[in-house]
Amino acid sequence: MFFMLTACFGSVQEPEPALETTSRAEPAKNLILIVLDTTREDMLLQAATPTIDALADQGQRVERAWSGGTWTVPGVSSMMLGTPVRAHGWDLGSGRLGRYPPLPSEPMLAEVLQAEGFATIGLHTNPYLAEELGFDRGFDVWRRVSDAIMARELEKELATHWKADGRNFVYLHYIGPHSPVGPSEAQILALGLEPSWYEGRGGMEIGVAKRGRLPGAREAYAQGYLGVLADTDARLAEALALLEPYMADSVVILTSDHGEMLGEQGVVGHGTWVHEPLTWVPYVAVGLGRSLPQSLSTTATPALACEALGVAHEWPVQLEDVVTSQREGHFALLLGQEKGVWEPGEPAYAVSLQKGGLGGVHQPPSAEMLEAKAAFEKKFPAAALPLGLVELPVETQEQLKVLGYTE
Ligand SMILES: [Zn+2]
């Protein structure tokens, strides 16, 4: 029997069930939300990821999930606010290193759950997820760690903050295959990589692959990226082992904040684009108590999670809304297998996304696509940019440089 909070979600139209479901007799107690930074689904499917595969076997893996934005701040904030970039307005570039407006004041997932009495534990690895911008809102603990010590730090937080008799929200954000790409020795051996590419501070810097002057640099970056995905999966296994006693009572969602270009269309990184390697991210869910459609937006995560937890809150984006992504005025909309793209000063175009594909020949968008865009824009009027600038601490700005945000 599905658990459905009809009072809150009304008579919304159910999306076409496409995947297996695990039914629930009662709401889940806890939420475990895992974000692997910069992780594109087509590459994750090629990497050695037994931990993620096991999660998918227990639950569901969405064929085509999109992040609401294509870099960390809009990707994560849209997911926490349950609001598309267009409607919350935070659509700035990462090039403005260090000076940003804070996130919009609408409630974020952790704030809603904290108000319901949840213990809220957040461990993250990306300096952009800064308290100064408001990413800590609603978290009892919001702390930057590294992937290598994530499990150890989680163990400490579980010991001090987990409510054994109450409800809990754990957010784990791994930096994963974000630049610099430094696969482990085991992965260098397993994939037959040339170790000298990865000998820089923390690994191979993305600038080397972006410039592409050295023969083989881009291939080495993409291969190293695969290796780091496997390493991240192993680190995730350590955290999930600690959470194992609580899994039966929990909803687990694993996703990413955006993907990465690895040489497609001649570009590397996550710059000002909405190409499919950037919008398409993993989405694995266990214990939701409902079937997921074949495509969804990570921005629907708060609505999905609250439904499974039996927490009443009206999140702007629901599962049945059309799937969109936005980056500094570049906009993309997914309708079935058709991806429509609008770029400033360019004619709109659509590509067909066959299963596993990244899109092919450009065609004019269909009439249905244009209608869907008009309906989306009507439902979500464009917001003004949030006002006021916050300066990130110098130390944080230095950490951002290491990640390749400036060169
Ligand atoms: Zn990111």
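Summarised in this report is the structure supplied together with it. Remember, it's a predicted structure, so these values are computed and weren't measured experimentally.

**A few points about the nonpolar core**
Grouped together as the largest cluster of nonpolar side chains are 108 residues, with contacts concentrated most on Leu-172, Val-251 and Ala-305. Broken down by element, this core gets its largest block of residues, 11 residues, from helix H10 (residues 217-243). Apart from the residues within four sequence positions on either side, Ala-305 is in contact with Leu-31, Leu-109, Val-251 and Ile-253.

**Details of the sheet that holds strand S11 (residues 280-281)**
The mixed open sheet is built from 3 strands, whose spatial order is S11-S3-S13. Single-partner strands in this sheet number two, and they are S11 and strand S13 (295-297).

**A word on the environment of Lys-379**
With respect to the helices, strands and loops of the structure, Lys-379 is situated in helix H13 (residues 367-379). Take Lys-379: there are 14 C-beta atoms within 10 Å of it, and that puts it in the partly exposed class. Considering only alpha carbons, one finds Lys-379 and Val-317, 62 residues apart in sequence, at a separation of 9.9 Å.

**Considering helix H7 (residues 150-161)**
Its 12 residues give H7 an end-to-end C-alpha distance of 16 Å, which sits within 8% of 16 Å, the value for a rise of 1.5 Å per residue. Within H7 the residues assigned to the buried category are Met-150, Ala-151 and Leu-154. Around the axis of H7, the buried residues are gathered within 85° of arc, so they sit on the same side. In H7, the exposed residues that point more than 90 degrees away from the buried face are Arg-152, Lys-156, Ala-159 and Thr-160. Residues of H7 that are buried in the fold lie against strand S5 (119-124), strand S7 (168-174) and H10.

**Observations regarding the environment of Gly-200**
Tracing the sequence through the fold places Gly-200 in the loop between helix H8 (185-191) and helix H9 (206-211). A count of 14 C-beta atoms within 10 Å places Gly-200 in the partly exposed class. Put simply, Gly-200 and Ala-48 are 152 residues apart on the chain and 24 Å apart in space, counted from C-alpha to C-alpha.

**Some details on the packing of helix H3 (residues 50-58) against H10**
It is at 7 Å that the axes of H3 and H10 come closest, and there the two elements cross at 55°. The angle between H3 and H10 falls in the class oblique. From H3, Pro-50, Thr-51 and Ile-52 reach across to H10, where they touch Asp-233, Leu-236, Ala-237 and Leu-240. By residue class, the composition of the contact of H3 with H10 is 5 nonpolar, 1 polar and 1 charged.

**Re the packing of H7 against H10**
Across the interface, H7 lies against H10 with an axial gap of 9 Å and an inter-helix angle of 15°. Taken together, the axes of H7 and H10 lie roughly parallel to each other. For the crossing formed where H7 meets H10, the hand is right-handed. Contacts from Met-150, Ala-151, Leu-154, Glu-155 and Leu-158 in H7 reach Arg-235, Glu-238, Ala-239 and Leu-242 in H10. Classifying every residue of the contact of H7 with H10 by side-chain character gives 6 nonpolar, no polar and 3 charged.

**Some remarks on the pairing of strand S12 (residues 283-286)**
Going residue by residue along S12, you find Tyr-283 and Ala-285 tucked away on one face and Val-284 and Val-286 tucked away on the opposite face as well. Here strand S2 (residues 60-61) runs beside S12; their pairing, made up of 2 bridges, is antiparallel. The residue bridging Gln-60 from the neighbouring strand is Ala-285, located in S12. One ladder, built from 4 bridges, connects strand S8 (residues 250-255) with S12; its direction is antiparallel. Following the sheet pairing, Thr-255 is matched in S12 by Tyr-283.

**Quick word on the sheet that holds S12**
Strand order in the open sheet formed by 7 strands is S2-S12-S8-S1-S7-S5-S6, and the pairing between neighbours is mixed. Strands with a single pairing partner mark the edges of an open sheet, and in this sheet they are S2 and strand S6 (141-144). Bridge analysis of S5 against S7 gives 5 bridges, and the strand direction is parallel. Note on S7: the bridge partner recorded for Ala-119 is Asn-168. Here H7 sits on the sheet and contacts S5, S6 and S7; the angle it forms with S5, its principal contact strand, is near 165°. Packed onto the sheet, helix H12 (residues 301-309) meets strand S1 (30-36) and S8 and runs at close to 165° relative to S8.

**Some details on unusual backbone geometry**
In this structure, the amide linkage connecting Ser-179 to the following residue, Pro-180, adopts the cis form with an omega of -5°. Structurally, the position occupied by Pro-180 is in the loop between S7 and H8. Positive phi outside glycine occurs at Thr-38, with the angle close to 60°. Inspection of the secondary structure assignment puts Thr-38 in the loop between S1 and helix H2 (41-44). Thr-38 sits in the buried class, given 29 other C-beta atoms within 10 Å. Positive phi, normally seen in glycine, also occurs at Glu-328, with a value near 45°. For Glu-328, the location among the structural elements is in the loop between strand S14 (323-327) and strand S15 (330-335).

Conventions we followed
Residues numbered from 1 in each chain as written. Predicted model: local features only at pLDDT ≥ 70, side-chain atom pairs only at ≥ 80, totals over all residues. Core = buried A, V, L, I, M, F, W, Y, C linked by C-beta atoms within 7 Å. Buried ≥ 20, exposed ≤ 12 C-beta atoms within 10 Å, placed from the backbone. Helix = DSSP H or I, 4+ residues; strand = E, 2+ residues; numbered from the N terminus. Contact = placed C-beta atoms within 7 Å. Pairing = 2+ DSSP bridges. Expected span 1.5 Å × (residues − 1). Arc of directions from axis to C-beta. Axes fitted to C-alpha atoms, helices over the stretch in contact; angles between N-to-C directions. Parallel < 35°, antiparallel > 145°, perpendicular 65-115°, else oblique. Nonpolar A, V, L, I, M, F, W, Y, C, P; charged D, E, K, R; others polar. Left-handed = near helix turned anticlockwise from the far one by under 90°.

These results come straight from atomic positions and should not be treated as a statement about function.
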